[in-house]
Amino acid sequence: MEDLMKRVERLEAIAAIEKLQGKYYRCLDCKLWDEMAEVFAPKIHTTFSDGRVVFDHYDGEDGLRGFYEANMNDSAQISQHNGHTPEIDVAEDCMSAHAKWYLHDYLVILGTNWNVRGTAIYDIDYAKIDGEWKITAIGYKRIYEETWSRGIKEMKYFVTENMFGKGPHKGAVTIQGDKELKK
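Residues numbered from 1 in each chain as written. Predicted model: local features only at pLDDT ≥ 70, side-chain atom pairs only at ≥ 80, totals over all residues. Heavy atoms only, no water.

A. Examining unusual backbone geometry more closely. The backbone of T85 shows a phi angle near 45 degrees, a positive value even though the residue is not glycine. When you line up the elements, T85 lands in strand β3 (residues 77-90). Given a relative accessible area of 52%, T85 falls into the exposed group. At D130, a position not held by glycine, the phi torsion is positive, near 50 degrees. Positionally, D130 belongs in the loop between β5 (114-129) and β6 (132-149). (Helix = DSSP H or I, 4+ residues; strand = E, 2+ residues; numbered from the N terminus. Buried < 20%, exposed > 50% of the residue type's maximum accessible area, 1.4 Å probe, protein only.)

See the structure below:
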């Protein structure tokens, strides 16, 4: 019976983590910054854009909340983040977990009339804090990212990330509106 109870506890943890991650994506795309702050632990480590954007937020949820609000405000861009096919490993004591999530994201940058689309693998750590699951570390590595201009006269199209190293774009990044790829 004890084994069965442990298995149920682990399944409940997985369900709670999936719900938490869904809330993260929904709040990110709907720009619900106050609600989004609820998914993070007081101390959180982030590693975005293949390690090019790394932060340790020791001022709690508001630090990361401020980062998202400053970089993804509602007047700057429209986003769609779909996380799916999670691989969630819950620790034996059911107090922490690690997961990999497949990400497909699509952004419309309104100010510059550019689009960004790509996929990545999120690496996320979770902890159960005061009875609730929270994200303690979050980051991703790109499989690919591509950008293109939405302008009719100036149709530009770049593959700006490519984890497989084929072609000239491995690790290349464009600044929105630039004509050349930057290494």
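B. Quick look at the layout of surface pockets. There is about 190 Å³ of room inside the second largest pocket. Taken together, A16, K19, L20, K23, E38, V39, E132, W133 and K134 make up the lining of the second largest pocket. Within the residue set of the lining of the second largest pocket, elements represented by two or more residues are α1 (2-30) and β6. Ranked by the residues each element gives to the lining of the second largest pocket, the list is headed by α1, at four residues. Split by residue class, the lining of the second largest pocket holds four nonpolar, no polar and five charged. (1 Å grid on protein atoms, 1.4 Å probe; cavity = no way out; pocket = protein on both sides within 12 Å on 5 of 7 lines; lining within 4 Å. Points joined across faces, edges and corners; volume = space filled by probe spheres on them. Nonpolar A, V, L, I, M, F, W, Y, C, P; charged D, E, K, R; others polar.)

C. Examining a nonpolar patch on the surface more closely. Among the surface-exposed residues, M1, L4, M5 and V8 lie close enough to one another that they form a single nonpolar patch of about 420 Å² accessible area. Relative to the assigned elements, M5 resides in helix α1. (Patch = residues over 30% accessible without salt bridge, like charges linked within 9 Å, V, L, I, M, F, W, Y side chains within 5 Å. Areas by Shrake-Rupley, 256 points an atom, 1.4 Å probe, with all protein chains shown as cover. Salt bridge = Lys/Arg side-chain N within 4 Å of Asp/Glu carboxyl O.)

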